[in-house]
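Structural overview for review
Listed here are the chains, written in short residue letters.
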Amino acid sequence: MSDYTFTHQLNILIHVISGCLAMVMGIIAMIASKGNKTHKKSGILFLVLIAIVIITGLIGVFIFKVNTFLLVLTLLSGYQAFSGYRVLGNKKSLPKLLDIIVAITALVSGLYFMHYIETIGLIWASGIIYSTVAALFLIIAYDFVRYFLPKNKYKNRWLYEHIYKMIASFTALLAAFIGTVLPEHKPYSQFLPSIFGTLLAIGFILFFWRKNKIKKI
């Protein structure tokens, strides 16, 4: 085995293990009581592991020329996780330079992918590809629009935004994993995890909305 092949295989191994561990940490964070030590630690580990997934994904695309769409799916997961975490420290939705830089970087990455989509050997259904890129652009658009929302309108929305983005990030990883492991079941193995994640996020949001409403009463 050549050094090139060994490095490629090692990068794939790190990418896969990090992605699997990130999903485990995501499940622990969802199960744990919100705000306690377990929830916070598993959430931080989730973010660290996603960062490793993104780095190894970038290496795979630009050095080893692997399928580029998986990078977009990884970027979607990574951006949602980053933005969902930053909401916790920016509950008033004030513009911050780091958030703007990361959002623009994610937007440019998505546009780069769309520009070269005709020349990339894609193995995923076109509907999955365009919906994934559209989801990335919609999240970025929302993150810019929210800066113009009045503080009193945004006051209690940060929690629901955090819930949606973190679960959506987990779902993107899950979709990448199942879509890759079960390619013979496409496109169901690609979009069913997204449907599951959306329903899960709605369930959590409704639960905490009702809980907060009861507290106010």
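All figures in this text were calculated on a predicted structure; none of them were measured in a lab.

Describing the packing of aromatic side chains
With the rule as written, the count across this model stands at 3 aromatic pairs. Taking 6.4 Å as the distance between ring centres and 75 degrees as the angle between the ring planes, the aromatic pair formed by phenylalanine 144 and tyrosine 147 counts as edge-to-face. A relative accessible area of 27% places phenylalanine 144 in the partly exposed class. Tyrosine 147 gets classed as buried once you look at its relative accessible area, which sits at 16%.

Notes on the environment of histidine 185
For histidine 185, the location among the structural elements is in the loop between helix 7 (158-181) and helix 8 (188-216). For the pair histidine 185 and glycine 203, spaced 18 residues apart in sequence, the C-alpha to C-alpha distance is 27 Å.

Regarding the packing of helix 2 (residues 37-62) against helix 7
Here helix 2 crosses helix 7 at 45 degrees, and the two axes come no closer than 12 Å. The orientation of helix 2 relative to helix 7 falls into the category oblique. Helix 7 is crossed by helix 2, and the crossing has left-handed handedness. Two secondary-structure elements touch here, helix 2 through His39, Phe46, Leu47, Ile50 and Val53 and helix 7 through His162, Met166, Ser169, Phe170 and Leu173. Grouping the constituent residues of the contact of helix 2 with helix 7 by class yields 7 nonpolar, 3 polar and no charged.

Thresholds applied
Residues numbered from 1 in each chain as written. Predicted model: local features only at pLDDT ≥ 70, side-chain atom pairs only at ≥ 80, totals over all residues. Heavy atoms only, no water. Phe/Tyr/Trp six-rings, centres within 6.5 Å; stacked < 30°, edge-to-face > 60°. Buried < 20%, exposed > 50% of the residue type's maximum accessible area, 1.4 Å probe, protein only. Helix = DSSP H or I, 4+ residues; strand = E, 2+ residues; numbered from the N terminus. Axes fitted to C-alpha atoms, helices over the stretch in contact; angles between N-to-C directions. Parallel < 35°, antiparallel > 145°, perpendicular 65-115°, else oblique. Left-handed = near helix turned anticlockwise from the far one by under 90°. Contact = heavy atoms within 4.5 Å. Nonpolar A, V, L, I, M, F, W, Y, C, P; charged D, E, K, R; others polar.

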